[in-house]
Amino acid sequence: VGHCHPDIVKAAHEQNQLLNTNSRYLHDNLVDYAERLSKTLPEKLCIFYFLNSGSEANDLALRLARQYTKHEDVIVLDHAYHGHLTSLIDISPYKFRNLEGQKEWVHVAPVPDTYRGLYREDHEDSVTAYADEVKNIIEHAHKGGRKIAAFFVESLPSVGGQIIPPAGYFQKVAEHVHKAGGVFIADEIQVGFGRVGKHFWAFQLQGEDFIPDIVTMGKPIGNGHPLACVATTKEIAEAFAATGVEYFNTFGGNPVSCAIGLAVLDVIEKEDLQAHATEVGNFLMKILKEQQIKHPIIGDVRGCGLFIGVDLIKDQVE
């Protein structure tokens, strides 16, 4: 919502002057913020865990998935990056290929890229073809005696090239993953909170009939303040709680962080920033497409709201 937005600064300052405690102490801001955030999400996603960073959120999502499914393996997209913790480097091809390599419990699916990928715009059914790649990975894993805990994906792959997955891809993948006993985790850390304009969450671009099992949030959630969140279902949360090992985060959900989170939601609504993202994004896309006509080096211009990618190429055919 902009650097040093006065409403965010004011909310942080006012709460700082009153009280800031760790989350063992009950405070209304935590409940108020969870309730407010829940209104932006499908009803099924009604349990919230608050943390300090997107990496913490993704690590917790991984724990939730494994506890709920009793499985270990994770499917990710090629070129993905999900955070800096050891557990997340392990599921980030963008990182692990330059480090210790791929763990046996990690499976990499092709990015559903209809411009550069395996199945392109001229393919008769790229959605099914890309989803079948995930299905094949699951079948291969099962033959090796492995079981899938989660399909872990950014709702719009960012580090992988600002990719817009074809609509319906998530539904088909979720069907295969659920059949295998796994869960679908949508990483909204870079692309959530209205960035795509027409929807508050990027996973909603796939259609109203698609709901992830777990959603992770970070970056824009606190406008630069260290705040993050995991949203999930009662079933998954109950399985996690059943271990008897409670989830605790000293600063996650503290009164100041929640005051800031509430202020961010207020600003997004008050300043109609989703409409702004749509308007500015459309303007930028229009200008970029005009440049694409003039310059053969621009192979593709794609995007939604303020999530935009420009592909620079050497050859129009390849």
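Definitions and cut-offs
Residues numbered from 1 in each chain as written. Predicted model: local features only at pLDDT ≥ 70, side-chain atom pairs only at ≥ 80, totals over all residues. Heavy atoms only, no water. UniProt positions renumbered as here; feature names shortened; annotations may be inferred. Helix = DSSP H or I, 4+ residues; strand = E, 2+ residues; numbered from the N terminus. Rg over C-alpha atoms; globule rule 2.2 N^0.38 Å. Buried < 20%, exposed > 50% of the residue type's maximum accessible area, 1.4 Å probe, protein only. Contact = heavy atoms within 4.5 Å. Areas by Shrake-Rupley, 256 points an atom, 1.4 Å probe, with all protein chains shown as cover. Lys, Arg positive; Asp, Glu negative; His and termini not counted. Charge placed at Lys NZ, Arg CZ, Asp CG, Glu CD. Core = buried A, V, L, I, M, F, W, Y, C linked by side-chain atoms within 4.5 Å. Domains from an automatic or database assignment. Buried area = accessible area lost by both parts, 1.4 Å probe. Salt bridge = Lys/Arg side-chain N within 4 Å of Asp/Glu carboxyl O. Phe/Tyr/Trp six-rings, centres within 6.5 Å; stacked < 30°, edge-to-face > 60°. Lys NZ or Arg CZ within 6 Å of the ring centre and 35° of its normal.

As recorded in an unreviewed UniProt entry, the chain goes by AT2L2 lyase and comes from Leptocoma aspasia. Database annotation for the chain, UniProt heading Sequence similarities (unreviewed entry): "Belongs to the class-III pyridoxal-phosphate-dependent aminotransferase family." For the chain, the Cofactor (unreviewed entry) comment in UniProt is given as "pyridoxal 5'-phosphate".

(A) Quick peek at the overall build of the chain. Each helix and strand counted, the chain has 10 helices and 9 strands in total. Taken against the 2.2 N^0.38 rule, which gives 20 Å for 318 residues, the C-alpha radius of gyration of the chain at 20 Å falls within 12% of a compact globule. Overall size of the chain, expressed as C-alpha extent along the three principal axes, is 65 × 50 × 40 Å. Counting all 318 residues of the chain, 51% fall into the buried class. Considering only contacts in the chain between residues 6 or more positions apart, those separated by 24 or more positions represent 72%. As presented, the chain carries roughly 15500 Å² of accessible surface, and 52% of it is formed by carbon and sulfur atoms. Here the chain contributes 29 positively and 42 negatively charged side chains, and the mean placements of these two sets differ by 3 Å.

(B) Up close: the nonpolar core. Counting residues in hydrophobic clusters, the biggest one holds 55 residues, and the most contacted among them are F151, Y169 and M217. By residue number, the principal contributor to this core is helix α9 (residues 255-270), which donates 9 residues. Setting aside residues up to four positions removed in sequence, M217 forms contacts with L37, L41, G54, A57, I189, F193, W201, A228, C229 and A231. Core analysis: the second largest hydrophobic core is formed by 26 residues, A57, A61, I91 and I214 among them.

(C) Layout of the domain arrangement of the chain. Looking at the assigned domains, one finds that the chain contains domain 1 (6-271) and domain 2 (276-312). Each of domain 1 and domain 2 has a C-alpha centre, and the two are 26 Å apart. Taken residue by residue, the interface counts 16 residues in domain 1 and 14 residues in domain 2. Interface area, domain 1 with domain 2, both sides summed: about 1200 Å², of which 58% is carbon and sulfur. Three residues, Y115, Q162 and R195, lead the burial of domain 1 against domain 2; their summed loss comes to 45% of the area buried on that side. Seen at the junction of domain 1 and domain 2, the total is 1 salt bridge.

(D) Summary view of the packing of aromatic side chains. In this structure the tally under the stated criterion is 15 aromatic pairs. Seen from their ring centres, F48 and F50 are 6.5 Å apart, and the 10° between their planes marks the pair as stacked. Per residue, the accessibility class of F48 equals that of F50, and both read buried. Where F170 meets F210, the ring centres are 5.4 Å apart and the plane angle is 55°; that geometry is what we call tilted. In this pair, F170 is assigned in helix α7 (residues 169-179) and F210 in the loop between β5 (183-187) and β6 (214-217), connecting sequence segments 40 residues apart. For the pair F170 and F210, a shared accessibility class is recorded, and that class is buried. Its guanidinium or amino end placed over the ring of F248, R24 lies 4.1 Å from that ring's centre, counting from NZ or CZ. Taking NZ or CZ as reference, R66 lies 4.4 Å from the ring centre of W105, over its face.

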